[in-house]
Amino acid sequence: MSILVVTNGHGEDQLAVCLVDGLRRRWPWLRIEGIPLVGEGRRLAAAGIAVPGPRVRVPSGGLVRPEWETVVRDLRAGLIGQFRRQMRFVASRRDAVERIIAVGDVFAGWVAGRCLPKKPLILVATAKSEYIHGHFRFETWWMKRRAQHVFARDERTAEALRQAGVAASWAGNLMMDAMEITGSLSVPAAPGRVIALLPGSRDDAYVNLESLADVLERLAVDGVVVGLVPLAPGLDVDRAVHLLQQRGWRAAEHEDKVELPSHAVPPRSGSRRRGDASQKDVALQKGRGFLWLLTGAFGDVLATADVVVGLAGTANEQAAGLGKPVVAFPGPGVQFGPRFMRAQKLLLGDALAVAPPTPEAVAAEVRDILTNPTRRERMAAAGRERMGPPGAADRMAAAIGRLWGLEDDV
């Protein structure tokens, strides 16, 4: 059987990879190719998923955003023409694929369904939730008419879709499978005082990191505290270090009486110990605060942390899903502003604590969570409930196998 996976976002590419992995674990003979409607599809290609066809290359990096200036720039860069070529290519795959999986919003499903009208289609609807704003009536109409099945973002959304006549279910959230936890990260320097700091994955991350470092400084007034920063791929470690050094952070003293995190962590696969020129992990210190910038250790950072302070989208949600209390505040950048934060609060409920945008207020919120076991457990339970446990890829794969008769297809 040949399957076409259509995505419309960089994050959706990663979620699609998780689902494809789940399918291949059960049926390694499946022929799977991917068409990203947004971006280069590098994550798909790196996972061994064939990625033929044209790409949408415009200033915004993908589909039109609501800001008028971005719309104008994308249109001037030829968005309409590029998109038409892309749709023609999707339609040209009609004889090469038998089934379709769309990962993203309803638009991704609509493109796939319109270009390949006779192919069975499953939609993994990642964009909308009843906790924030459910699907529009025309979207549910389309899903009812065209999608064989819809995997919703959460159970409340799945139930709303079922009430509208859509064949829908919730199998968990693929983003909980999109991180690796090796268990190798151990930070005994400050038991009960390890904070994950999530600055985001875009250019805002640098200015966000400065604000997060200020929060850590306030927490260090009470004693030793370790902040773990998992830098997203594409962010410049040297630039981050330079910004922090300008704020008084210096290379951590190895002879200090406090054991540094680097002493406690075995080298990860493909990494080297500090002192090697290829090592990208950096330990900084300011007073009794330790700040460690790590690459390639996102899952381990979340698993190790006692509390998370995040100015991120997906990363905050993944932290909540692992049962980690998350504290957020309106960031200084453009991405994690008040509107985005309010939407995330609706999505995560009690798993997310919102604080005023001052280092003192955020630190106070973290202290209260650290010293209040009842509140900490309530936040952890809320996060697990909203996000669901890991393993969504395998559960979705099993459901797809039943829908498409893969168990008997040899």
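Use the structure listed above.
Structure report, in brief. (Residues numbered from 1 in each chain as written. Predicted model: local features only at pLDDT ≥ 70, side-chain atom pairs only at ≥ 80, totals over all residues. Heavy atoms only, no water.)

## Re helix 15 (residues 373-387)
Point 1. Here helix 15 spans 21 Å end to end across 15 residues, near enough to the 21 Å set by a 1.5 Å rise per residue.
Point 2. Taken as a whole, helix 15 has its buried residues at Arg-375, Met-379, Ala-380, Ala-382, Gly-383, Arg-386 and Met-387. When helix 15 is viewed along its axis, its buried side chains cluster within an angular range of 165 degrees and face the same direction. For helix 15, the exposed residues set more than 90 degrees away from the buried face come down to Pro-373, Thr-374 and Glu-385.
Point 3. Those residues of helix 15 that are buried lie in contact with helix 12 (314-321), strand 13 (326-328), helix 13 (338-348), strand 14 (352-354) and helix 14 (359-370).
Point 4. Phi turns positive, to about 80 degrees, at Gly-388, one or two residues after helix 15. (Helix = DSSP H or I, 4+ residues; strand = E, 2+ residues; numbered from the N terminus. Expected span 1.5 Å × (residues − 1). Buried < 20%, exposed > 50% of the residue type's maximum accessible area, 1.4 Å probe, protein only. Arc of directions from axis to C-beta. Contact = heavy atoms within 4.5 Å.)

## Here we look at helix 16 (residues 392-404)
Point 1. Taking 1.5 Å per residue, 13 residues should reach 18 Å; helix 16 reaches 18 Å between its end C-alpha atoms and fits that length.
Point 2. All of the buried residues along helix 16 are Ala-392, Ala-393, Met-396, Ala-397, Ala-398, Ala-399, Ile-400, Gly-401 and Trp-404.
Point 3. In the core, the buried residues of helix 16 are packed alongside strand 1 (2-7), helix 1 (10-26), strand 3 (99-104), strand 4 (121-125) and strand 5 (149-151).
Point 4. Residue Gly-405 follows helix 16 closely and has a positive phi angle near 65 degrees.

## Description of the nonpolar core
Point 1. By size, the foremost hydrophobic cluster in this structure holds 101 residues, and its most contacted members are Ile-101, Leu-174, Ile-195, Leu-228, Leu-291, Val-309 and Val-327.
Point 2. Examining the composition of this core, we find that nine residues originate from one element, helix 8 (residues 204-220), more than from any other.
Point 3. Setting aside residues no more than four positions away along its own chain, Leu-291 makes contact with Leu-197, Ala-213, Leu-216, Gly-227, Val-229, Leu-244, Trp-249, Val-282, Ala-283 and Leu-284.
Point 4. Counting 30 residues, the second-largest nonpolar core is a separate cluster that includes Leu-4, Leu-121, Met-143 and Ala-152. (Core = buried A, V, L, I, M, F, W, Y, C linked by side-chain atoms within 4.5 Å.)

## Details of the sheet that holds strand 13
Point 1. Read from one edge to the other, the open sheet built from eight strands follows the order 9-10-11-8-7-12-13-14, with strand pairing classed as mixed. The sheet is open, and its two edges are formed by strand 9 (250-251) and strand 14, each paired on a single side.
Point 2. The pairing of strand 9 with strand 10 (residues 282-286) spans two bridges and is classified as antiparallel. Bridged to Arg-250 within strand 10 is Gln-285.
Point 3. Of the strands in this sheet, strand 7 (194-198), strand 8 (225-231), strand 10, strand 11 (289-295) and strand 12 (307-310) are in contact with helix 8, which crosses strand 8 at around 165 degrees. (Pairing = 2+ DSSP bridges. Axes fitted to C-alpha atoms, helices over the stretch in contact; angles between N-to-C directions.)

## Some thoughts on the environment of Arg-288
Point 1. Looking at the element boundaries, Arg-288 is found in the loop between strand 10 and strand 11.
Point 2. Counting along the chain gives 69 residues from Arg-288 to Leu-219, while the straight-line C-alpha distance between them is 9.1 Å.
Point 3. From its side chain, Arg-288 meets the backbone oxygen of Ala-220 in a polar contact 3.5 Å long. (Polar contact = N/O pair within 3.5 Å; in protein donor to acceptor, adjacent residues only side chain to side chain.)

## Comments concerning the pairing of strand 1
Point 1. For strand 1, the tally of buried residues reaches six of six residues, placing the bulk of the element in the interior.
Point 2. Residues Ser-2, Leu-4 and Val-6 point to one face of strand 1 and Ile-3, Val-5 and Thr-7 to the other, with burial holding for every one of them.
Point 3. Two elements, strand 1 and strand 2 (residues 31-36), share six bridges in a ladder whose sense is parallel. Bridging from a neighbouring strand, Thr-7 pairs with Pro-36 of strand 2.
Point 4. Chirality of the crossover, the property in question, places the unit of strand 1, helix 1 and strand 2 among those that are right-handed.
Point 5. In the sheet, strand 1 pairs with strand 3 via five bridges, with the strands oriented parallel. From the neighbouring strand, Thr-7 faces strand 3, where its bridge partner is Val-103. (Right-handed = clockwise from strand over helix to strand, strands pointing away.)

## Digging into the pattern of salt bridges
Point 1. According to the stated counting rule, one finds 16 salt bridges in the structure shown.
Point 2. Linking Arg-247 and Glu-210 is a salt bridge whose minimum nitrogen-to-oxygen distance equals 3.0 Å. Of this pair, Arg-247 sits in the loop between helix 9 (237-245) and strand 9 while Glu-210 sits in helix 8, and the two are 37 residues apart along the sequence.
Point 3. Owing to a relative accessible area of 29%, Arg-247 belongs among the partly exposed residues under this scheme. (Salt bridge = Lys/Arg side-chain N within 4 Å of Asp/Glu carboxyl O.)

## Here we look at the sheet that holds strand 2
Point 1. An order of 2-1-3-4-5-6 is seen for the six strands of this open sheet, with the pairing classed as parallel. What marks the edges here is a single partner per strand, and that holds for strand 2 and strand 6 (168-169).
Point 2. Of the strands in this sheet, strand 3, strand 4 and strand 5 touch helix 6 (residues 137-146), which is tilted by about 145 degrees from strand 4.

## Some words on the packing of aromatic side chains
Point 1. Taken as a whole and judged by the stated rule, the model has three aromatic pairs.
Point 2. Judged by centre distance (6.0 Å) and plane angle (10 degrees), the ring pair of Phe-136 and Phe-138 falls under stacked.
Point 3. With a relative accessible area of 41%, Phe-136 lands in the partly exposed category.
Point 4. A cation sits over an aromatic face here: Arg-239 above Tyr-206, 3.8 Å from the ring centre.
Point 5. Its end group placed over the ring of Tyr-131, Arg-386 keeps NZ or CZ at 3.8 Å from the ring centre. (Phe/Tyr/Trp six-rings, centres within 6.5 Å; stacked < 30°, edge-to-face > 60°. Lys NZ or Arg CZ within 6 Å of the ring centre and 35° of its normal.)

## Description of the packing of helix 5 (residues 106-115) against helix 6
Point 1. Closest axis-to-axis distance for the helix 5/helix 6 pair is 11 Å, and the angle between their directions is 40 degrees. Taken as axis vectors, helix 5 and helix 6 run oblique relative to one another. Here the hand of the crossing between helix 5 and helix 6 comes out left-handed. Together, Val-106, Gly-109, Trp-110 and Gly-113 of helix 5 and Glu-139, Trp-142, Met-143 and Arg-146 of helix 6 make up the contact between the two elements.
Point 2. The class makeup of the residues in the contact of helix 5 with helix 6 is four nonpolar, two polar and two charged. (Parallel < 35°, antiparallel > 145°, perpendicular 65-115°, else oblique. Left-handed = near helix turned anticlockwise from the far one by under 90°. Nonpolar A, V, L, I, M, F, W, Y, C, P; charged D, E, K, R; others polar.)

Scope: geometric values only; no functional claims are made or implied.
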